[in-house]
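# Architecture and fold: a report
Read off the chains here:
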Amino acid sequence: MKKLSLVFLICLSFSCFMYSGLKVSASEEIVSDYDSIVNYISNHLTDFKKEYNKNHIKEPLRATNVEHHCLVYILDVNEYGVYLDFNDDRGYLVTSFNLDLFELNTSEDLEYLKDLNFTYYSTFDGFLYDDGNSYKKYIDNLDSADEIIYSYNGQDEDGESKITNLQEYMSDRYPSYKLEEKQESAVYEQMYIPTNMYRTSYYLKYISNDGGYIYDSYKTESNCALTAAFNVMSSWKKSGIYLNLPSKAATRDVRNLIKDDPDYKYYGVGEDMVGHDFYWSVNDDNVLMNFPELYYQLRLYAVTNKGYDPELGLTTSKAKDTMEHVIKEHEYSQSLKMTTSLSNVIESLQQGRAVFMGISNSTSYVEDHAVALLGYQKYSYKTGVWIFEKTHIAYFLLIDDGQINSVIYFDPNCNSNLSYEFIYK
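About the criteria used
- Residues numbered from 1 in each chain as written.
- Predicted model: local features only at pLDDT ≥ 70, side-chain atom pairs only at ≥ 80, totals over all residues.
- Heavy atoms only, no water.
- Salt bridge = Lys/Arg side-chain N within 4 Å of Asp/Glu carboxyl O.
- Helix = DSSP H or I, 4+ residues; strand = E, 2+ residues; numbered from the N terminus.
- Buried < 20%, exposed > 50% of the residue type's maximum accessible area, 1.4 Å probe, protein only.
- 1 Å grid on protein atoms, 1.4 Å probe; cavity = no way out; pocket = protein on both sides within 12 Å on 5 of 7 lines; lining within 4 Å.
- Points joined across faces, edges and corners; volume = space filled by probe spheres on them.
- Nonpolar A, V, L, I, M, F, W, Y, C, P; charged D, E, K, R; others polar.
- Pairing = 2+ DSSP bridges.
- Arc of directions from axis to C-beta.
- Axes fitted to C-alpha atoms, helices over the stretch in contact; angles between N-to-C directions.
- Contact = heavy atoms within 4.5 Å.
- Parallel < 35°, antiparallel > 145°, perpendicular 65-115°, else oblique.
- Left-handed = near helix turned anticlockwise from the far one by under 90°.
- Phe/Tyr/Trp six-rings, centres within 6.5 Å; stacked < 30°, edge-to-face > 60°.
- Lys NZ or Arg CZ within 6 Å of the ring centre and 35° of its normal.

### Topic: the pattern of salt bridges
Under the counting rule described, the total for this entry stands at 13 salt bridges. A salt bridge links Asp100 to Lys382, with the shortest nitrogen-to-oxygen separation between them at 3.1 Å. In this pair, Asp100 is assigned in strand β6 (residues 100-105) and Lys382 in strand β18 (residues 369-385), connecting sequence segments 282 residues apart. Residue Asp100 is classed as buried on the basis of its relative accessible area of 10%. Residue classification places Lys382 among the partly exposed positions, given a relative accessible area of 44%. Close ionic contact of Lys162 with Asp401 constitutes a salt bridge, the shortest N to O distance being 2.6 Å. Here Lys162 is found in the loop between β9 (135-137) and α4 (166-173), whereas its partner Asp401 is found in the loop between β19 (388-400) and β20 (408-410), with 239 residues between them in sequence.

Shown next, in the form of structure tokens:
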């Protein structure tokens, strides 16, 4: 992924190129385009407002002048552009040099950008800075989800997830969008096989709805983070990144080993009883006798060193530590990276490398959840306003959520309160 810094731009201004006797400073072209756009919008703001407000009566553009502006690098298209801040709390816009409008806000004031001369922008992550290792968000969205989302064609349940047919879903919900990019090699080129949380649970919580006469349902352990880690690392093994790791097909019989688990006395010996609403007991023999070897190693370390509990699960940072430990046990010394920005993991997905993704504030997953992120499809469509052509970009994420035996799509565009944590190679 292409990364640029303000220092680089300053240095670039001293670099010159000679073509047929024509001397051109590389950064002069950037500065010229930048100044032209800023000056034109500033001098014709009244015209812009007039055209925009014709079709936006409820949320009109009320700006009277430009308060601040800076150079922006738009990661979605790898192009320079302009961030232009209108006065007071009257919004801002992001446009490329060719007047492709990526965002227009009419009611916010982004204080954290006030003194900047350069920033990054992503339609998925918003505004970012580069700390030298990865892109970081200036502010992470930690609000609670409060949106009600209903299912569409191609989707099995309400919410952002369980999209089993993306083409049908797009036709129903986003008919104007057209496919721009597809990155799914981690699934289809590697012949990815999903593994769910039932298959990786030592224990199950058996539930009765009639006071203990019939136990007709169950819940798995809260092991989504460990299952996601297992699925991601299994993909890394299959893609040749960590060949020494056990394959997904490698298993171990844990029917006797489970008795040494420190949680066995609490979760492994329950039985159905009238008057009780639930009980915990061991999983079925056919699961325990064919338990995934790699998952066994991950779980053992998490229980022993990271406080993993069948009901409390594991945080993303502890999952990262656990993954790194098992990788090092198989004679690899590389550390993994952690971020809250999709922009940092796009390159991994483009190269077919799976990514651990933690999700908060989802309406599909009532509690915080972790999944294996395996790829994405990028859609876009364009509209026009004044001199601009506005680009609408939407990413749809291909995941294994550990709940069903298939890969599905996740729509992050329908809930603005979602937040993420990624672990990637």
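Having seen it, we continue.
### Comments concerning the layout of surface pockets
Reported here for the largest pocket is a volume of approximately 1,500 Å³. Lining the largest pocket are 49 residues, and of these Glu103, Tyr121, Thr123, Phe124 and Ser416 lie nearest its centre. Sorting the residues of the lining of the largest pocket by element identifies α3 (45-53), β6, β7 (118-122), β8 (126-130), β18, β19 and β21 (419-424) as the ones contributing at least two each. Of the residues forming the lining of the largest pocket, the biggest block, six residues, is contributed by β19. Looking at the lining of the largest pocket, its residues break down into 23 nonpolar, 18 polar and eight charged. Taken as a whole, the second largest pocket encloses approximately 1,000 Å³ of empty space. Forming the walls of the second largest pocket are 36 residues, and the residues nearest its centre are Ser222, Cys224, Glu367, Asp368 and His369. The biggest single contributor to the lining of the second largest pocket is strand β17 (residues 355-360), with four residues.

### Focus on the pairing of strand β11 (residues 203-208)
Among the six residues that make up β11, six are buried, leaving the element largely enclosed by the rest of the structure. Side chains Tyr203, Lys205 and Ile207 of β11 all project onto a buried face; the interleaved residues Leu204, Tyr206 and Ser208 project onto the opposite face, where all are buried too. Of the pairings in the sheet, the one linking β11 to strand β14 (residues 278-282) comprises five bridges and is antiparallel in character. In the sheet register, Leu204 faces β14, and the bridge partner there is Ser281. Pairing analysis gives four bridges linking β11 to strand β12 (residues 215-219), with the strands arranged antiparallel. In the sheet register, Lys205 faces β12, and the bridge partner there is Lys219. Where β11 hands over to β12, the hairpin turn is made up of six residues, of which Gly211 adopts a positive phi near 80°.

### As for α3
Every α-helix winds through 3.6 residues per turn, so residues three or four apart in the chain are directed the same way. Where α3 is concerned, the buried positions are Leu45, Phe48, Lys49 and Tyr52. Seen from one end, α3 has its buried residues packed into an arc of 100°, which puts them on one side. The exposed set on the far side of α3, more than 90 degrees from its buried face, consists of Thr46 and Lys50.

### Digging into the sheet that holds β11
Spatial ordering of the open sheet is given by β12-β11-β14, a layout of three strands whose pairing is antiparallel. This sheet does not close on itself; its edge strands, each paired only once, are β12 and β14. For this sheet the average axis-to-axis angle between neighbouring strands, irrespective of direction, equals 35°.

### As for the environment of Tyr420
Here Tyr420 lies in strand β21. Separated by 78 residues in sequence, Tyr420 and Leu342 place their C-alpha atoms 8.2 Å apart. Excluding anything up to four places from it in sequence, Tyr420 contacts Phe124, Thr339, Thr340, Met357, Gly358, Ile359, Phe410 and Pro412.

### Topic: the packing of helix α9 (residues 293-305) against helix α10 (residues 316-329)
Running from amino to carboxyl end, α9 crosses α10 at an angle of 120°, the nearest separation of the two axes being 9 Å. By the angle between their directions, the pair α9 and α10 is classed as oblique. Of the two elements, α9 crosses α10, and the hand of that crossing is right-handed. Of the residues in α10, those touching α9 at Leu294, Gln297, Leu298, Tyr301 and Ala302 are Asp321, Thr322, Met323, His325 and Val326. For the contact of α9 with α10, a count of residues per class yields six nonpolar, three polar and one charged.

### Section: the pairing of β7
Within β7, five of the five residues are buried, which leaves the element mostly enclosed by the surrounding structure. Examined bridge by bridge, strand β3 (residues 66-74) and β7 share four bridges and lie parallel to one another. Across the sheet, the residue bridging to Tyr73 is Tyr120, located in β7. As paired elements, β7 and β8 share three bridges and run antiparallel to each other.

### Thoughts on the packing of aromatic side chains
Using the criterion set out here, one finds 38 aromatic pairs in the structure. Among the aromatic side chains, those forming a connected cluster through ring pairs are Tyr152, Tyr169, Tyr174, Tyr177, Tyr379, Tyr381 and Phe396. Lying across the ring of Phe278, Lys205 places its NZ or CZ 4.3 Å from the centre. Sitting over the ring of Tyr202, Arg299 keeps its end group 3.9 Å from the ring centre.

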